[in-house]
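# What the coordinates show
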Amino acid sequence: MFEELPLFPLQASTFAGQVDALYFFLVAMATFFVVLIFGTVIYFTAKYRRRSATERPPPIHIDMRLEILWSIIPLILVMISFGWGASLFVHMSQAPEDALELRAVGRQWMWKLQHPSGAREINQMHSPVGKPIKVILASEDVVHSFYVPAFRIKMDVVPGRYTATWFEANREGEFHLFCTEYCGTQHSGMIGRVVAMKPVDYQRWLTSQAGEEPIAVSGERLFQQLRCETCHQTTSTAQGPALTGLFGRQVKLESGESVLADEAYIRESILNPHNKIVAGYRPIMPTYQGQISEDALHQIIVYLRTLGRAPEEKNPS
Ligand code: CUA
């Protein structure tokens, strides 16, 4: 639709058309009411102008039908925009389970990406067309924002936590990747490109990136280098809780609360181990804050996930 109109980026993802449709609905609605209201104001100003110094207007009577009508119509319109916007937002915030996971780290001033196979890229993101791709984002320094206009996706990248976005490209091509949160002097240079390619070409590209080990393997090596298994053994006398089958499980804490062992929890437990102490253990784990990069954290988390997800618990205790 906007191929010839350089004002708009290409619609290159499955979201793009839906986002644009909502955008144009809102613009059309706003335009309609601006014209209606200003037109009426100008028309009435002329029509009901004071014609002589002694003129007194007739008293005004409230017409209840009119009052109800101009309350109900706007209500319906805002409810439509709310429902439409909310359902699109929810759809765009929840990546499908089978999405391919790419992990990205923003730093002043570049994007670093890693594929599950281990392939790394800087300021580039190769991805297959027609497959959902989830991008898990972390920042090494300040707030950045991951923005691909052609996909109509934008997600802040915030230090100290993970955020995520997803898309499914529906055409091949090269598209702009921008940082869209002011992050320092070179912010405007923090740009890159997304290369959407046929799945076979993507596989070929992956194989051409030889020499990289899968993320989970790097994670396992780090796990051993950092001597995590000294305490995190599976024996009952271990100093730290066993990590097999941890991911996706509810963990009981010393405080009596339970938390879900997701990526955010594991991240926090590595960087600030004393925030959440697992029930039955002492707060002896040292912090790894400052000793472990965002890339390494990603790798360890992916490795821990390969240790198995907990089976669906019948009665969580
Ligand atoms: Cu990173 Cu602006």
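None of these values were measured; they are calculated from a predicted model.

It is worth spelling out the overall build of the protein at this point. In terms of regular secondary structure, the protein is built from six helices and 12 strands. Dimensions of the protein, computed from C-alpha atoms along their principal axes, come out at roughly 100 × 50 × 40 Å. The buried share of the protein, reckoned over its 317 residues, is 35%. Nonlocal contacts in the protein, meaning residues at least 24 apart in sequence, comprise 66% of its contacts between residues at least 6 apart. With an accessible surface of roughly 19,100 Å², the protein has 61% of that area assigned to carbon and sulfur atoms. The distance from the centre of the 29 positive side-chain charges to the centre of the 31 negative ones in the protein is 6 Å.

To continue, consider unusual backbone geometry. Glutamine 108 connects to tryptophan 109 through a cis peptide bond whose omega is 0°. With respect to the helices and strands, the residue tryptophan 109 is situated in the loop between β1 (100–107) and β2 (110–114). Even without being a glycine, arginine 152 presents a positive backbone phi close to 60°. Here arginine 152 is to be found in the loop between β6 (144–148) and β7 (153–157). Judged by its relative accessible area of 13%, arginine 152 is buried. Non-glycine residue arginine 227 carries a positive phi angle of around 60°. With respect to the secondary-structure elements, arginine 227 resides in the loop between α4 (215–225) and β11 (250–252). Arginine 227 sits in the exposed class, given a relative accessible area of 55%.

So, about helix α1 (residues 16–47). For α1, with 32 residues, the first-to-last C-alpha span of 46 Å sits near the 46 Å given by 1.5 Å per residue. The elements touched by buried residues of α1 are α2 (64–93).

The next point concerns the domain arrangement of the protein. Partitioning the protein into domains gives domain 1 (100–208) and domain 2 (215–305). Each partner contributes to the interface: domain 1 provides 18 residues, whereas domain 2 provides 12 residues. For the domain 1 and domain 2 pair, buried surface summed over both sides reaches about 1,200 Å², with 46% attributable to carbon and sulfur atoms. Together, Arg103, Gln114 and Tyr162 form the three largest contributors to the area buried by domain 1 at its contact with domain 2, with a combined 48%. For the interface between domain 1 and domain 2, the tally reads three salt bridges. For aspartate 295, the salt bridge goes to lysine 112, with nearest N and O atoms at 2.9 Å. The interface formed by domain 1 and domain 2 holds seven residue pairs in polar contact (both at pLDDT 80 or more) in total. Counting residues per element, the side of domain 1 that touches domain 2 draws most heavily on β1, which supplies four residues. Looking at the side of domain 1 that touches domain 2, its residues break down into six nonpolar, six polar and six charged.

If you add up the space inside the largest pocket, you get close to 830 Å³. Lining the largest pocket are 29 residues, with Ser93, Ala95, Lys134, Ile136 and Ala164 sitting closest to its centre. Those elements giving two or more residues to the lining of the largest pocket turn out to be α2, β5 (132–139), β7, β8 (163–168) and α5 (263–271). Looking at the lining of the largest pocket, its residues break down into 16 nonpolar, five polar and eight charged. Among the domains, domain 1 (100–208) and domain 2 (215–305) are the pair contributing at least three residues each to the lining of the largest pocket.

Along the chain, serine 127 turns up in strand β4 (residues 124–128). By relative accessible area, serine 127 is classed as buried at 0%. Contacts of serine 127, omitting those with residues within four sequence positions, involve Ile133, Phe167, Val194, Val195, Ala196, Met197 and Tyr202.

Next up on the list: the sheet that holds β8. Across the sheet, five strands lie side by side as β3-β2-β1-β5-β8; this open sheet has mixed pairing. At either end of the open sheet lies a strand with only one pairing partner, and these are β3 (120–122) and β8. Put simply, the sheet's adjacent strands are angled 25° from each other on average, direction ignored. The sheet contact formed by β2 and β3 spans three bridges and is antiparallel. Residue pairing in the sheet places lysine 112 in a bridge with isoleucine 122 of β3.

Let us now look at the pattern of salt bridges. Tallying each qualifying case throughout the model produces 15 salt bridges. Aspartate 20 is the salt-bridge partner of arginine 152, the closest N and O atoms lying 2.6 Å from each other. With a gap of 132 residues between them, arginine 152 in the loop between β6 and β7 and aspartate 20 in helix α1 connect regions that are remote in the sequence. Here arginine 152 and aspartate 20 have matching classes, each one buried.

Criteria and cut-off values
Position numbers for residues count from 1 along each chain, tracking the sequence in the order it is written. Confidence filtering applies because this is a predicted model: local features only for residues at pLDDT of at least 70, side-chain atom pairs given and counted only at 80 or more, and all residues used for totals across whole chains, interfaces and linings. Derived side-chain values reflect all non-hydrogen atoms in the structure, with water molecules and hydrogen atoms excluded from consideration. Helix and strand assignments follow DSSP, with helices taken as H or I runs no shorter than four residues and strands as E runs no shorter than two, numbered in order from the N terminus. The cut-offs for exposure are 20% and 50% of the maximum accessible area for each residue type, with area from a 1.4 Å probe on protein chains only; residues under the lower value are buried, those over the upper are exposed, and the others partly exposed. Contacts were defined at the residue level, with two residues in contact if any of their heavy atoms lie within 4.5 Å. Using the Shrake-Rupley algorithm and a 1.4 Å probe, accessible areas are obtained, with residue cover drawn only from the displayed protein chains. The charge count includes Lys and Arg as positive and Asp and Glu as negative, but it does not include His or the ends of the chains. For charged residues, the charge sits on one atom: NZ in Lys, CZ in Arg, CG in Asp, CD in Glu. For a helix, the expected span equals 1.5 Å multiplied by the number of residues minus one. Here the limits of each domain have been adopted from an automatic or database domain assignment. By buried area we mean how much accessible surface two parts lose on assembly, using a 1.4 Å probe and totalling the loss over both. Counted as salt bridges are all cases of a side-chain nitrogen of Lys or Arg within 4 Å of a carboxyl oxygen of Asp or Glu. Here a polar contact is taken to be a pair of N or O atoms separated by no more than 3.5 Å, where protein atoms must pair a possible hydrogen donor with a possible acceptor and residues adjacent in sequence count only if both atoms sit in side chains. Any residue that is not Ala, Val, Leu, Ile, Met, Phe, Trp, Tyr, Cys, Pro, Asp, Glu, Lys or Arg is counted as polar, Gly included; the first ten are nonpolar and the last four charged. Grid points spaced at 1 Å and placed over the protein atoms alone form the basis of the search, with a cavity being a set where a 1.4 Å probe fits but cannot get out and a pocket an open set showing protein on both sides within 12 Å along at least five of seven lines. Lining residues have an atom within 4 Å of a point. Grid points are joined across faces, edges and corners, and a volume is the space filled by probe spheres set on the points. We treat two strands as partners when DSSP finds at least two bridges between them. Geometry is summarised by axes, namely lines fitted to C-alpha atoms with helices restricted to the contacting stretch, and by angles between N-to-C directions that run from 0 to 180 degrees.

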